[in-house]
Amino acid sequence: MRFNNCFCTNAICTPARGSILTGKYSHKTGIKTLADTIDHTQEQTVAQMLHENGYQTAIVGKWHLGHGGVSEPHGFDYWNVFPVQGAHIDPEMIEMGKRKKFDGYSADIVTDSSLNWLQGRATDQPFFLMTTYKATHDPFFPNPKHLHLYTEEIPEPPTFNDAYENRAAAAAMNTAKVGIMHQKNHLPEPIPENLEGDDLKRWNYQCYMQNYLRCAHAIDENVGRLLDYLEAEGLVEDTIVIYSADHGFFLGDHGWYDKRFMYEESMRIPLLVRYPREIPAADVSEQITLNVDFAPTLLDYAGISIPDDMQGRSLRTSLEGETPADWRTSMYYRYWMHLAHFNIPAHYGVRTERYKLIYYYGEALGAGGAINRATPPEWELFDLEKDPHEMYNVYADPAYAGGCRGIEERNWNGCGMNWRIMSKTEQWSYHLPCEMTFATCP
C-alpha cells in the first residue's frame, strides 16, 4: 500500500527519528531539535519492546539521536551507526561502541552490514531491522559510479521563482535558497566562473538535483538488494517492509532546499508498506497518516500491547483496506529550532484534509540550538484544494470566515467588547479591545 498523505510531525532529523521510534510527538519525548538526544531510561522504543518479546533487533546507518551512555542505540542486539550525520564516502561508523573506518560509498556499506547481520541471524526467531541511509542528505555527494546518470536537464518546479508575496514574512526570511546554496558548501561541484543572479540559481539547481538523484539512485539499488535477499530466503510472505523517510525536502520548490517549514514538501514523507500475507497489492490510501503511527503498527502486527502513552495509531486496519470510522481528519505539526541554520521562525499548526493553519510564534522558548531573538508573530492559512502549492495566504480573507454561524452576543464594556463566536461544532469567547475588528474565525 502507498500512503499519499503521510506526514512527519517535526521536519528535522533528530526529533523525527525520535517520533518514529517512540510513537510520540516531540513535546512528549523532549527531542525537539538537533541539539536534543534520546534517553533510553526515559523513553521506551519499538525496538526495545520487540527485543523484550523475542525479536532479534538491529539498526545500521543513521542514528542521529546522541552517542554514549543513555543515548546509545538501546534494545538492539547489533548496531553500526554513523556518528551524528555521517559521511557519504569512506565513512567512519560506530559499531557496537567502537569507531571504525569503512571504505566505499555509505549506502553500499550500510546495506552490506545489514545483509551480514541478516545472514548471521538465528532463523528460528523473528527479526526487526532498521536500515537507515545517509543519502539523500546534503552535501549531495553521489557514488562515483553513478556520475554518468541524470546528466539531462532537470525541469524546474512551478514555484521555483517564488517571490514570496501574499505570505507571512517567514517565507522571505528563509535562507535555504537554491540561489545561494553554494555558499553553505551543500553542492559537490565548484561553481563555474562569472555566473551570477538567475544564471547561478539555475546552475545551482541543476547541480543540486542531478547529484540528489544520483544519491537517491544508490538507495534504490540497495533497497533492491535487501528485497532480493528476502525473496531468495523465502521471507517475503512473512516480512513487513516499511519504506519511509524522517522528513520531506524542498527540491527547488519555492526556490528552496532543506526542510523545517510546515509547507507540504517539507512535512510530507513517503510511506510504502508491503506484507503480502495481509496487505492487498498495489493499494493506495489517502488518509492522514503520521510518523508516530509506525511504532504502534509494528507492535500490533507483532501481537504486543501498544502502550497507552504512544500517541500514534496502528495502521493495520487501514492496510487491510478499511479506514477506521474514527480515523483522524487533521494533524498537528511543530518546528522548534527558531532561526537556527536557515533563519526560519519557530512555528506550529494544524493541517486538515483541505486547509492548513500555521502560527509563526517566533520565539526560542528555551529550545536547544534555537536563537533567542524574537520575531513578529504571524499567521498563514492555505486552502490546499484551490492552492496546492501554498502561494496565497488567505488568513485575512473574509471569504474564509464561513465556518462561523455569526455572533451570538456583543456586549460593549467601556473600551472593550465581549464576543461569543459560534462555530459549527463549538464556541469560543474572546475579549477584544475596541480598536480591533473581527474578520475570520479563530
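Residues numbered from 1 in each chain as written. Predicted model: local features only at pLDDT ≥ 70, side-chain atom pairs only at ≥ 80, totals over all residues. Heavy atoms only, no water.

With an unreviewed UniProt entry as reference, the chain is termed N-acetylglucosamine-6-O-sulfatase, source organism Geodia barretti. Looking at the chain in UniProt, the text filed under Sequence similarities (unreviewed entry) is "Belongs to the sulfatase family." (UniProt positions renumbered as here; feature names shortened; annotations may be inferred.)

Engineer: Would you take a moment to explain the sheet that holds strand β15 (residues 378-383) for this structure?
Structural biologist: Sheet strands pair via backbone hydrogen bonds, and the direction of the pair is either parallel or antiparallel. Taking strand neighbours across the sheet as the criterion, the four strands line up as β12-β13-β14-β15 in an open arrangement whose pairing is antiparallel. Each edge of the open sheet is held by one strand with a lone partner, namely β12 (330-335) and β15. Recorded for the sheet is a direction-independent mean angle of 10° between the axes of neighbouring strands. As judged from the six bridges shared by β12 and strand β13 (residues 347-352), these two strands associate in the antiparallel manner. Looking across to β13, one finds that Tyr 333 is bridged to Gly 349. (Pairing = 2+ DSSP bridges. Helix = DSSP H or I, 4+ residues; strand = E, 2+ residues; numbered from the N terminus. Axes fitted to C-alpha atoms, helices over the stretch in contact; angles between N-to-C directions.)

Engineer: I tried to follow the packing of aromatic side chains on my own but got confused; where do I start?
Structural biologist: Each pair of aromatic rings is reported with the distance of its centres and the angle of its planes. Summed over the entire model, instances satisfying the criterion amount to 24 aromatic pairs. Consider the rings of Trp 117 and Phe 127, whose centres lie 6.4 Å apart with planes at 70°: the pair is edge-to-face. Residue Trp 117 is located in helix α4 (residues 106-120), and its partner Phe 127 is located in strand β7 (residues 127-132); the two are separated by 10 residues in the primary sequence. Across the ring face of Phe 160, the terminal group of Lys 201 is positioned such that the distance to the ring centre comes to 4.5 Å. Directly above the ring of Trp 336 sits Arg 334, whose terminal nitrogen or CZ lies 3.5 Å from the centroid. (Phe/Tyr/Trp six-rings, centres within 6.5 Å; stacked < 30°, edge-to-face > 60°. Lys NZ or Arg CZ within 6 Å of the ring centre and 35° of its normal.)

Engineer: Where do I start with the side chain of Arg 17 in this structure?
Structural biologist: Tracing the backbone shows Arg 17 in helix α1 (residues 13-22). According to the relative accessible area criterion, Arg 17 is buried, its value standing at 12%. Ignoring sequence-local partners within four residues, the contact set of Arg 17 consists of Lys 62, Trp 63, His 64, Leu 65, Thr 132 and Asp 246. (Buried < 20%, exposed > 50% of the residue type's maximum accessible area, 1.4 Å probe, protein only. Contact = heavy atoms within 4.5 Å.)

Engineer: What is the right way to look at the pattern of salt bridges in this model?
Structural biologist: Working definition: two side chains of opposite charge can pair if their charged atoms are close together. Under the counting rule described, the total for this entry stands at 23 salt bridges. Each of Glu 264, Arg 268, Arg 351, Lys 356 and Glu 390 takes part in salt bridges that share partners, so that together they form one network. (Salt bridge = Lys/Arg side-chain N within 4 Å of Asp/Glu carboxyl O.)

Engineer: What exactly am I supposed to notice about the side chain of Thr 57 here?
Structural biologist: By the secondary structure assignment, Thr 57 is in strand β3 (residues 56-61). In contact with Thr 57, not counting residues within four places along its chain, are Ala 47, His 51, Gly 75, Phe 76, Asp 77, Tyr 78, Trp 117 and Phe 128.

Engineer: I'm lost on the sheet that holds strand β6 (residues 98-101) in this one. Help?
Structural biologist: Pairing is mixed in the open sheet, where five strands are placed in the order β6-β5-β4-β3-β7. The open sheet has two edge strands with one neighbour each: β6 and β7. Between one strand axis and the next, the sheet turns by 15° as a mean value, whatever way the strands run.

Engineer: What's the story with the environment of Leu 200 in this structure? I'm lost.
Structural biologist: Along the chain, Leu 200 turns up in helix α6 (residues 197-232). Separated by 75 residues in the primary sequence, Leu 200 and Gln 125 place their C-alpha atoms 55 Å from one another. Not counting residues up to four positions away in its chain, the partners in contact with Leu 200 are Gly 179, His 182, Ile 191 and Leu 195.

Engineer: What exactly am I supposed to notice about helix α8 (residues 294-302) here?
Structural biologist: Along an α-helix, residues three or four apart share an orientation, since each turn contains 3.6 residues. A large share of α8 lies buried, amounting to seven of its nine residues. Of all the residues in α8, the buried ones are Phe 294, Ala 295, Pro 296, Thr 297, Leu 298, Leu 299 and Tyr 301. Once α8 finishes, Gly 303 follows within two positions and takes phi at roughly 75°, a positive value.

Engineer: So what exactly am I meant to see when it comes to the nonpolar core here?
Structural biologist: For soluble globular proteins, the rule of thumb is that nonpolar side chains tend to be buried together. Grouped together as the largest cluster of nonpolar side chains are 79 residues, with contacts concentrated most on Phe 3, Tyr 208, Phe 261, Tyr 263 and Leu 319. If you tally residues by element for this core, the top one is α6, at 11 residues. The contact partners of Phe 3, leaving out residues within four places of it in the chain, are Leu 271, Val 273, Ser 285, Gln 287, Thr 289, Leu 315 and Leu 319. Counting 22 residues, the second-largest nonpolar core is a separate cluster that includes Trp 63, Val 81, Leu 299 and Met 310. (Core = buried A, V, L, I, M, F, W, Y, C linked by side-chain atoms within 4.5 Å.)

Engineer: Explain the pairing of strand β4 (residues 78-81) here, please?
Structural biologist: A regular strand places its side chains so that they alternate between the two faces of the sheet. Residues Tyr 78 and Asn 80 point to one face of β4 and Trp 79 and Val 81 to the other, with burial holding for every one of them. Here β3 runs beside β4; their pairing, made up of four bridges, is parallel. Bridge assignment links Val 60 to a residue of β4, and that residue is Asn 80. Relative to strand β5 (residues 92-95), β4 is paired through two bridges, and the arrangement is antiparallel. Directly across from Asn 80, in β5, lies its bridge partner Glu 95.

Engineer: It is not clear to me how the UniProt feature "domain: N-sulphoglucosamine sulphohydrolase C-terminal" (unreviewed entry) in the chain should be interpreted in this structure. Could you clarify?
Structural biologist: Feature annotation in UniProt assigns "domain: N-sulphoglucosamine sulphohydrolase C-terminal" (unreviewed entry) to the following positions: residues 252-401. For residues 252-401, the helix share is 11%, the strand share is 21%, and the end-to-end C-alpha distance is 33 Å.

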